[in-house]
Amino acid sequence: IRTEGRQVPFDFAFARPKGEGELAITARILAGGRMLFASAAPVRVTGRPVAVRLVRFREDGSGLEGRRWSLTALDGAAPEGNPPTIEFLPNGRIAGFTGVNRFTGTRTGTFPAIRISPGAMTRMAGTPEAMRTESEFVGLLADVDEAEIAGDVLTLKGDGRALLVFRGAANR
C-alpha cells in the first residue's frame, strides 16, 4: 500500500482468498527504498479489524546479535526433532546447534544483504530424521543472501524465497 503522503495509522482492507487456510499479515514502512519500521510479529487474520504493531527497524543489523534464534520453519516446514538454533556473534562469527551437532561459521555482508558460511561442526550421529534436518539446515544456511527481522522473527532468504524462519530469545 502506498501512503501517498498520508500519515499513519491508516486503515486498509484486502479480500481474503476463498479456500485459503489461516492467514497472517505483516507490515513495513519504507522511505526512499529504506525500511524504517517493520511489524513486531505476524498478525493472524480473523475477519475482524486487527492492529499491526510496528517497531523501528535497525539497519545496522544489531538486531541479529544478542539473541539465540530457534528454527520454526525449514524450507516452509516445521523441523523434526530438536529445533536447530543460530547465534550471531561479534566480528561476523556465528555459532549454533543443528539439532544434533554444534557448529561455527562466519557471516559476511552488510545487513540485510548477508551471506552465511558454515564452518567447523562436531560429528555426532543422530536419528535418520535428525540427520536429514541437519543436512538440509546447513545446506540452506549456505544459500542465504538476505536477512529480515520483524520483532522476534528472523527470516533468512535465498533468491527472495524464505529458506529458514526463526524465533528469537534474548541470550542470558
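Structure first, text after, so check above.
Our subject in this report is the structure included herewith. Just so we're clear, the structure is a prediction, and the values are computed from it rather than from any experiment.

Regarding the side chain of Thr155
Part 1: Relative to the helices and strands, Thr155 resides in strand 12 (residues 153–158).
Part 2: Here Thr155 falls in the buried class, since its relative accessible area comes to 12%.

Concerning the nonpolar core
Part 1: Membership of the largest hydrophobic core comes to 23 residues, with the highest contact counts inside it found for Leu156 and Leu164.
Part 2: Among the secondary structure elements, those contributing two or more residues to this core are strand 6 (67–74), strand 7 (85–88), strand 10 (113–121), helix 1 (128–141), strand 11 (146–150), strand 12 and strand 13 (161–170).
Part 3: Non-local contacts of Leu156, meaning those with residues more than four positions away in its chain, are made with Ile114, Ile116, Leu141, Val144, Glu146, Ala147, Arg161, Ala162, Leu163, Leu164 and Phe166.

Here we look at unusual backbone geometry
Where the residue is not glycine, phi is negative for most of them; where a peptide bond is considered, it is trans in most cases.
Part 1: Cis geometry marks the peptide bond from Phe111 to Pro112, where omega comes out at 10°.
Part 2: Checked against the element boundaries, Pro112 lands in the loop between strand 9 (102–110) and strand 10.
Part 3: Here the phi dihedral of Asn91 falls at roughly 60°; this positive angle occurs in a residue that is not glycine.
Part 4: Turning to its location among the elements, Asn91 is positioned in the loop between strand 7 and strand 8 (93–97).
Part 5: Under the relative-accessibility criterion, Asn91 is labelled exposed at 75%.
Part 6: The backbone of Asp159 sits at a positive phi, close to 50°, despite the residue not being glycine.
Part 7: Its place among the elements puts Asp159 in the loop between strand 12 and strand 13.
Part 8: The exposure class of Asp159 is exposed, given its relative accessible area of 76%.

What counts and what doesn't
- Residues numbered from 1 in each chain as written.
- Predicted model: local features only at pLDDT ≥ 70, side-chain atom pairs only at ≥ 80, totals over all residues.
- Heavy atoms only, no water.
- Helix = DSSP H or I, 4+ residues; strand = E, 2+ residues; numbered from the N terminus.
- Buried < 20%, exposed > 50% of the residue type's maximum accessible area, 1.4 Å probe, protein only.
- Core = buried A, V, L, I, M, F, W, Y, C linked by side-chain atoms within 4.5 Å.
- Contact = heavy atoms within 4.5 Å.

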